Amino acid sequence: MVREVFLLLFTFLCLSCSAKGIDREPTSCEVCKFLSVELTAELEKSGSSKVVVETGSRLNVKGEWSEQKRMAYKTSELRLLDATEKVCEKMLGYSVHTDKPERYAKGRSETMSTLHALRDKGVKVKLGIPDEMWDDTPAEISKLRLKCDNMVEEYEDEISEWYFKHQDKDLQTWLCKEKILPSNQQDCLAPKPAMKSKSKKKSKKSSKKKSKKTSKKKSKKKSETETKTRDKSEL
């Protein structure tokens, strides 16, 4: 009985923590950030490709057929199109992590991982939804994917310009900082400080306690030695 009450309380606390701001809209900064991250990663996969593509023959203004052109896939428009078609779908692999400095990250949140672990151990965990729906895509992640699609469509020309002329520059800096986001909306691009875990805090406290105890012992031994020395000198 006590275990069930504790589990219900734990579940409620976990869900209330993970639900803080769960329905908020992903910002343009967050959308651009993860768009640039995933597009860079997708392009890196095909960066060393040695495939050669051929463009089809077409009629020119004179009514004559132009010859096919051969070009390397890694510098072709086709490679960019292939990457942009996949990039926003990658957003569905993210989860909302309210327990981390970075709100969106791949994999399960710490809360859901804990609840899954409890269920795997045979503990009955009731979330008010069927078990098979635990890992369904949250509404906020669906919005992230939709906004990514819209951003790719809206800034298609800018992405193409970077691909053909500025690949020597960091995509996130060039696209998000210089082309899309106003200077007062770039806060999410700055690196987040890592959260200190409770275990680290405990270890620091314990180490401080140990050092205090050690220093006390040393001072005690020192005073005892000094007392003995005085006694001997008096004799």
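See the structure above.
Residues numbered from 1 in each chain as written. Predicted model: local features only at pLDDT ≥ 70, side-chain atom pairs only at ≥ 80, totals over all residues. Heavy atoms only, no water.

S.K.: So, the overall build of the protein chain: which residues are in play, and what are the values?
M.R.: The helix and strand tally for the protein chain stands at eight helices and four strands. Going from the N terminus to the C terminus, the protein chain shows its helices and strands as α-α-β-β-α-β-β-α-α-α-α-α. Within the span of the protein chain, comprising 235 residues, buried residues form 28% of the whole. For the protein chain, long-range pairs separated by at least 24 residues make up 64% of all intrachain contacts whose partners lie at least 6 apart in sequence. Summed over its atoms, the accessible surface of the protein chain is roughly 17100 Å², and 54% of this surface lies on carbon and sulfur atoms. (Helix = DSSP H or I, 4+ residues; strand = E, 2+ residues; numbered from the N terminus. Buried < 20%, exposed > 50% of the residue type's maximum accessible area, 1.4 Å probe, protein only. Contact = heavy atoms within 4.5 Å. Areas by Shrake-Rupley, 256 points an atom, 1.4 Å probe, with all protein chains shown as cover.)

S.K.: Report on the packing of helix α5 (residues 139–154) against helix α6 (residues 156–165), specifying residues and quantitative values.
M.R.: Relative orientation of the contacting elements α5 and α6 amounts to 70°, with a least axis distance of 4 Å. By the angle between their axes, α5 is roughly perpendicular relative to α6. Along the contact surface, α5 presents V152, E153 and E154, while α6 presents E156, E158 and I159. A breakdown of the residues in the contact of α5 with α6 according to their chemical character gives two nonpolar, no polar and four charged. (Axes fitted to C-alpha atoms, helices over the stretch in contact; angles between N-to-C directions. Parallel < 35°, antiparallel > 145°, perpendicular 65-115°, else oblique. Nonpolar A, V, L, I, M, F, W, Y, C, P; charged D, E, K, R; others polar.)

S.K.: Can you tell me about the pattern of salt bridges, naming the residues and giving the values?
M.R.: Enumeration over the complete set of coordinates arrives at 10 salt bridges. We note a salt bridge from E25 to K143, for which the minimum N-O separation is 3.3 Å. Taken together, the residues span a long stretch of sequence, with E25 in the loop between α1 (2–18) and α2 (28–45) and K143 in helix α5 at a distance of 118 residues. For D149, the salt bridge goes to R145, with nearest N and O atoms at 3.1 Å. (Salt bridge = Lys/Arg side-chain N within 4 Å of Asp/Glu carboxyl O.)

S.K.: Could you give an account of the environment of L144, naming the residues involved and the relevant values?
M.R.: In this structure, L144 sits in helix α5. A residue is classified by how much of its surface remains accessible, and L144, at 0% relative accessible area, is buried. On a C-alpha basis, the gap between L144 and C88 in space is 8.5 Å, while along the polypeptide they are 56 residues apart. When residues no more than four places from it in sequence are discounted, the contact partners of L144 are P26, V31, M91 and Y104.

S.K.: Describe the side chain of H97, listing the residues and the values that go with them.
M.R.: When you line up the elements, H97 lands in the loop between β3 (94–96) and β4 (104–106). Residue classification places H97 among the buried residues on the basis of a relative accessible area of 1%. Here A105 takes part through its backbone oxygen, which lies 3.3 Å from a polar atom of the side chain of H97. (Polar contact = N/O pair within 3.5 Å; in protein donor to acceptor, adjacent residues only side chain to side chain.)

S.K.: Talk me through the packing of aromatic side chains; I want residue IDs and the actual numbers.
M.R.: Here a ring pair, both rings aromatic, is described through the centre-centre distance and the interplanar angle of the planes. Considering all chains together, one arrives at three aromatic pairs under this definition. With a centroid separation of 5.0 Å and 65° between ring planes, the pair formed by F34 and Y94 is classed as edge-to-face. With F34 in helix α2 and Y94 in strand β3, this pair connects stretches of sequence that are 60 residues apart. A single burial state applies to F34 and to Y94, both of which are buried. Each ring, one from F34 and one from Y104, has its centre 6.1 Å from the other, and the planes form 85°; the classification is edge-to-face. Remark: Y104 occurs in strand β4 and F34 occurs in helix α2; sequence separation between them is 70 residues. Residue F34 is classed as buried on the basis of its relative accessible area of 6%. Three or more aromatic residues link up through ring pairs in this structure, and these residues are F34, Y94 and Y104. (Phe/Tyr/Trp six-rings, centres within 6.5 Å; stacked < 30°, edge-to-face > 60°.)

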